Protein chains: 2
Amino acid sequence: MQYKKRTHTGGELRSSHIGQVVTLTGWVDTRRDLGGVIFIDLRDRYGKTQIVFNPKFSETIYSLAKELRTEFVISVTGKVEKRPAGTENPKLGTGDIDVLVEELTIINKAETTPFPIDDKLDTNEDLRLKYRYLDLRRAPMQANLLLRHQMYQITRRYFDEFNFIEVETPVLMKSTPEGARDFLVPSRINPGKFYALPQSPQTYKQILMVAGYDRYFQIVKCFRDEDLRADRQLEFTQIDIEMSFVDEIDIQTIVEGLMKRFMKEIKGIDVTTPFPRLTYKEAMEGYGSDKPDLRFDLKFADFSDIVKDSGFKVFAENAKKGGVVAGFAVPGGASYTRNQMDNLVDFTKSLGVGGLAYIKLTEKGIDSAIEKFLGNEICKQICEAAGAKPGDNVLVVSDAWQKTYSTLGTLRLEIAKRMNLIDENKWNLHWVVDFPMFDYSEEEKRHVAMHHPFTAPKPEDLALLDTDPTKARARAYDLVMNGNEVAGGSIRIYDSAMQSKVFGLLGIGTEEAKMKFGFMLDAFKYGAPPHGGIAFGFDRLAMLFAGVKSIRDVIAFPKTSSGISLMDDNPSEVDKKQLDELHIKLK
Amino acid sequence: MQYKKRTHTGGELRSSHIGQVVTLTGWVDTRRDLGGVIFIDLRDRYGKTQIVFNPKFSETIYSLAKELRTEFVISVTGKVEKRPAGTENPKLGTGDIDVLVEELTIINKAETTPFPIDDKLDTNEDLRLKYRYLDLRRAPMQANLLLRHQMYQITRRYFDEFNFIEVETPVLMKSTPEGARDFLVPSRINPGKFYALPQSPQTYKQILMVAGYDRYFQIVKCFRDEDLRADRQLEFTQIDIEMSFVDEIDIQTIVEGLMKRFMKEIKGIDVTTPFPRLTYKEAMEGYGSDKPDLRFDLKFADFSDIVKDSGFKVFAENAKKGGVVAGFAVPGGASYTRNQMDNLVDFTKSLGVGGLAYIKLTEKGIDSAIEKFLGNEICKQICEAAGAKPGDNVLVVSDAWQKTYSTLGTLRLEIAKRMNLIDENKWNLHWVVDFPMFDYSEEEKRHVAMHHPFTAPKPEDLALLDTDPTKARARAYDLVMNGNEVAGGSIRIYDSAMQSKVFGLLGIGTEEAKMKFGFMLDAFKYGAPPHGGIAFGFDRLAMLFAGVKSIRDVIAFPKTSSGISLMDDNPSEVDKKQLDELHIKLK
């Protein structure tokens, strides 16, 4: 197909081009026939330009133009004209001009698309994913992928400026499942053996520190074979960072610099650094989450001391045996109806606690069903501790520490949503630090690493590793943006003996540790520097900056929650010959 | 471990710092004890600095310093001093100063390393790969990885400037083996189904063009499960490019701009664009290779017409039945001894042809064993056609076209090597264009795509697809640097009917085409733009720029030719539980 190549892109022409003969190429976006003249918006990645086919100018071209349907690919040549007064389109950069077409080539035709190429598309997502090449033509999707492009460039320029070295780590790595499941890749040359896709390049980046690279970064694909939740993909992208001879503050400072640049270049917002730091304990006891959304307040108060000698047995006994009675004041919540409160109580119970108590503070005083157990004075103390003002409603949960706070955390978000307390134009960034080293997994009957097995304990908690490991805190930190964990990292262990000790606490025996991580334990014997790092969830960060609700909207070719690519019907069955060569068969 | 953090890096201190108290961190590189004083070169990624422990200054620090061994990680604080006259080290940027140590912390000790951390290391590669974290400490390896880093940044800045959009394509893609074997990844959620790792993101980048992205690039990992040759890896890196509304020249021009920038920023060399273009036919008939090394001449001449009526039956009959008699003049080759010639004849025969004839042109005239068959006059004509001068030696091969030229091509390289004709400081860049569409595979008894199945035929050769497909030329082009193919690309088919036709010629039936590539054939029906692209072999390019002989020297964690990572013993056996979950078992 012969066609004239473009002289300008679809977003380029302005009044200053009037009178020039230009050639444009692109897709037929919309077509209007008005008074015997055909008007078409010609679209490409760069914008739209109105082109005009006038039979008075050329009957031949006009006739050919009548064949044009949406999504035809064409090349047109013509003169740039000023649009008649009153017909300008201020929404388009090119809205002051149009092009009167003198030559038209239909480069490729298009069948009727299964959905229109509209900015606001109302169709089911499966259809969008099946015809992803059409979905990706829509302006909002193109904006999302361009945002991703911009984020890639900002990230790399930033780390390059700060002397970080970009290193590609292997995709075919060793299987060391710890936490999530590995994707496995059978080796043809080594029968019975398997590679694994990286859940993260953690071991490699630490090896690079041992190798003296000092500052490493990479934007890297990682893989977790987990059951997909709404906001997860089997493969996802991380900004991966590691530094030597540093402490937590050094790493956090580098990260704050990057976030500052993102906010400035993408959102045009100046953010102040350093970001506030909350300990894990403060975050949980204040907001019931290790990634609290601080765009709104609703901070918790602990009522345990107030109620522990009260006549309300449920509270008193829980407080005495080390549980927590805590809650927060809902501003204006005294106006909640009986119905609204019943609904909230049910919601809270569905989270697995016994119930939700509440104390309304009205102009007349306390209004609460539990006043008769607690007494008026204690109710007042609770309201005061919660900072309640007349018209507020203090919600109270009583259970074990973890359960009380996580329930209150969910309740806090729910209240914020119901009362519309979240300002979507606000950007809140803060750190959560001093996470516990371990969680005790009831399921596996062992300690599991809260961050990962390479995280260093806080020096002042070293003794706790021998006495009460669950109390030991880690040199771990998460970056939280608007209630989302966008990055998580830690200072690492760099000593063979300490690493072996932590493996032991995690129930990884000496033999297993040697088999899986022997090379790291060895590496630490040849002069390992102190080091630490962090990794960003790139997809989620892009989603937040794009202001969309699904990470699938910022990924070019995502998979469904069943791990399927609907466009190309992937995964698929393969030839028996392929499996034979890989020394495997189906079960 | 408490230690003082560095104030400067190991390559930073200069005379201007004399008198300042500084802190450095790093590795003990070399240690000398001289006149009761200990001198250590402290090393980090940025350079080396000499630090001095003098018992006269501090007996305590000096005693501690005696414990220091190579590769210990330390932090030292002290005053920057001018080195005594005559002890400066002009090889180091820091060679005018040293640091008299006042404080020393041993941060981490090191066992004796299995090989020294020397620039010129003489040990076997397996040991280097096993202790990669030590190998990567060596300055030449750090320089190679820094070069890679630089190449990444140059590439991305370049494409960003030219409005290309960086898009990440999936790693878990559909298995469509065509050419090389796929790596397969069993799906846990979809029993009996498999993902494949991309051999290239070819289909995705074409889909992005259909989606209107106009200009795409990505630095991307690709995977081929092939038996490894010296300079191949199971996973390798490509610079991947695709553009819409373009022809060959547009793509080549963009690529030339990138190469120009690489050469300037990495090598400090200005190269002239456009690069010369040779057709595949010219390359084969002139230099016997589709990636000829043009840093030296030794161009071939075709003697078929000269010899076809001669009395030398071997030549005459081959020429008459359509074969080729061709060769080239070796400058000064008339001085080759009988022994050298026998050796060359054997070398040539080992390539699979019947023999090698030669005609020496001396000051006295022709000196050749075949003169008695060809006659003096024809021998002279051959010498003249080859451009031989007295003292030269014309080597002649007679066989079918392909065999003759590929043999001569190998011979040409061998002669260049033996006669030291290649100037390693020269950089030669050129294009080879107009490749055939198809190769006929005797093994598979079918046509195979010379480039790949999505490559468009040249418009003037369309008719040949029906009559003599092997004669049809493709809109394909390779970029050749110093005899290496560093990039290869083509203008693509963008029409469903033509794509189906080419699939058919490749023996891919309608059903199979639909199953494997149905989504592309569909996509082409909804308004596909003309497009084309190219992909660079990034590892090989880095190898050439680094001036090293193996791509393993420019890859942080390469695998051996058996696909094994010696450092972490990968691939490895996995738990039966893992295989059960993936619905597979070992054969």
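Residues numbered from 1 in each chain as written. Chains lettered and ligands numbered in written order. Predicted model: local features only at pLDDT ≥ 70, side-chain atom pairs only at ≥ 80, totals over all residues. Heavy atoms only, no water.

**Details of the packing of aromatic side chains**
Applying the stated criterion across every chain yields a total of 50 aromatic pairs over all chains. Aromatic pair Phe245 of chain A and Trp27 of chain B: ring centres 5.8 Å apart, planes at 75 degrees, arrangement edge-to-face. Here Phe245 of chain A is found in the loop between β10 (235-244) and α6 (248-267), whereas its partner Trp27 of chain B is found in strand β1 (residues 21-34) on a different chain. Residues Trp401 of chain B and Tyr405 of chain B carry aromatic rings whose centres are separated by 5.6 Å and whose planes lie at 70 degrees to one another, so their mutual orientation is edge-to-face. Pair noted here: Trp401 of chain B and Tyr405 of chain B are both in helix α13 (residues 401-418), with a separation of 4 residues, about one helical turn. Judged by relative accessible area, which is 26%, Trp401 of chain B ranks as partly exposed. Looking at Tyr405 of chain B, the relative accessible area reads 2%, which means it is buried. Clustering of aromatic rings is evident, with ring pairs tying together Tyr280, Phe300, Phe328, Trp401, Tyr405 and Phe435 of chain A. The positively charged end of Arg418 of chain A is found above the aromatic ring belonging to Phe347 of chain A, 5.8 Å away from the centroid. Of note, Lys130 of chain B hangs over the ring of Tyr131 of chain B, and the distance from its end group to the ring centre comes to 5.5 Å. (Phe/Tyr/Trp six-rings, centres within 6.5 Å; stacked < 30°, edge-to-face > 60°. Helix = DSSP H or I, 4+ residues; strand = E, 2+ residues; numbered from the N terminus. Buried < 20%, exposed > 50% of the residue type's maximum accessible area, 1.4 Å probe, protein only. Lys NZ or Arg CZ within 6 Å of the ring centre and 35° of its normal.)

**Considerations on unusual backbone geometry**
For the bond running from Asn570 of chain A to Pro571 of chain A, omega is 5 degrees, close enough to zero to count as cis. When you line up the elements, Pro571 of chain A lands in the loop between α17 (538-546) and α18 (576-581). For Glu71 of chain B, which is not a glycine, the phi torsion comes out positive at approximately 75 degrees. If you trace the backbone, Glu71 of chain B turns up in the loop between α1 (59-65) and β4 (73-82). For Glu71 of chain B, a relative accessible area of 2% puts it in the buried group. At His583 of chain B, a position not held by glycine, the phi torsion is positive, near 65 degrees. Tracing the backbone through its elements, the reader meets His583 of chain B in the loop between α18 (576-581) and β23 (584-586).

**Some details on the interface of chain A and chain B**
Note: interface size is frequently given as the accessible area lost on complex formation between the parts. Contact with chain A, which involves 123 residues of that partner, is made by 122 residues of chain B. The tally of links from chain A across to chain B stands at 18 salt bridges. The salt bridge partner of Asp580 of chain B is Lys587 of chain A, with a shortest N-O separation of 3.1 Å. In this assembly, chain A and chain B are joined by 83 residue pairs in polar contact (both at pLDDT 80 or more). Ranked by residues supplied to the side of chain A that touches chain B, first place goes to helix α4 (residues 139-161) of chain A with 11 residues. Residues belonging to the side of chain A that touches chain B are distributed by class as follows: 62 nonpolar, 24 polar and 37 charged. (Contact = heavy atoms within 4.5 Å. Salt bridge = Lys/Arg side-chain N within 4 Å of Asp/Glu carboxyl O. Polar contact = N/O pair within 3.5 Å; in protein donor to acceptor, adjacent residues only side chain to side chain. Nonpolar A, V, L, I, M, F, W, Y, C, P; charged D, E, K, R; others polar.)

**Some words on the domain arrangement of chain A**
According to the domain assignment, chain A contains domain 1 (15-108), domain 2 (142-274 + 430-554) and domain 3 (296-422). The centre of domain 1 of chain A, based on its C-alpha atoms, is set 64 Å off from the matching centre of domain 3 of chain A. (Domains from an automatic or database assignment.)

**A word on the sheet that holds strand β14 (residues 357-362) of chain B**
Residue and element names in this part refer to chain B. Spatial strand order, β12-β13-β16-β14-β15: 5 strands in an open sheet with antiparallel pairing. The outermost strands of the open sheet, each flanked by one partner alone, are β12 (301-302) and β15 (365-367). Note: strand β13 (residues 324-330) against strand β16 (residues 393-399), 7 bridges, orientation antiparallel. Counterpart to Gly327 in the pairing with β16 is Val396. Against the sheet, helix α9 (residues 313-320) contacts β13, β14 and β16, and its axis sits at roughly 55 degrees relative to β16. Strand contacts of α13: β12, β13 and β16, with the helix running at about 10 degrees to β13, the strand carrying the most contacts. (Pairing = 2+ DSSP bridges. Axes fitted to C-alpha atoms, helices over the stretch in contact; angles between N-to-C directions.)

**Some remarks on the pairing of strand β10 (residues 235-244) of chain B**
Residue and element names in this part refer to chain B. Counting buried residues along β10, 10 of its 10 residues qualify, which places the element largely inside the surrounding structure. Every second residue of β10 is oriented toward a common face, with Glu235, Thr237, Ile239, Ile241 and Met243 on one face and Phe236, Gln238, Asp240, Glu242 and Ser244 on the other, all of them buried. Of the pairings in the sheet, the one linking β10 to strand β22 (residues 531-537) comprises 7 bridges and is antiparallel in character. From the neighbouring strand, Asp240 faces β22, where its bridge partner is Ala535.

**Re the packing of helix α15 (residues 496-505) of chain A against helix α16 (residues 510-523) of chain A**
Residues and elements named next belong to chain A. Between α15 and α16, whose axes approach to 11 Å, the crossing angle comes to 155 degrees. Classed by the angle they form, the pair α15 and α16 counts as roughly antiparallel. Of the two elements, α15 crosses α16, and the hand of that crossing is right-handed. When α15 is examined against α16, the residues Ser496, Gln499, Ser500 and Phe503 are found in contact with a partner set consisting of Ala513, Phe517 and Leu521. Looking at side-chain class alone, the contact of α15 with α16 contains 4 nonpolar, 3 polar and no charged residues. (Parallel < 35°, antiparallel > 145°, perpendicular 65-115°, else oblique. Left-handed = near helix turned anticlockwise from the far one by under 90°.)

**Focus on the sheet that holds strand β14 (residues 357-362) of chain A**
All names here are of chain A. Pairing within the open sheet is antiparallel, and its 5 strands lie in the order β12-β13-β16-β14-β15. Every other strand in the sheet has two partners, leaving β12 (301-302) and β15 (365-367) as the edge strands with one partner each. Two elements, β14 and strand β16 (residues 393-399), share 4 bridges in a ladder whose sense is antiparallel. Within the sheet, the bridge partner assigned to Tyr358 lies in β16 and is Leu395. Contacting β13 (324-330), β14 and β16, helix α9 (residues 313-320) crosses the sheet at an angle of about 55 degrees to β16.

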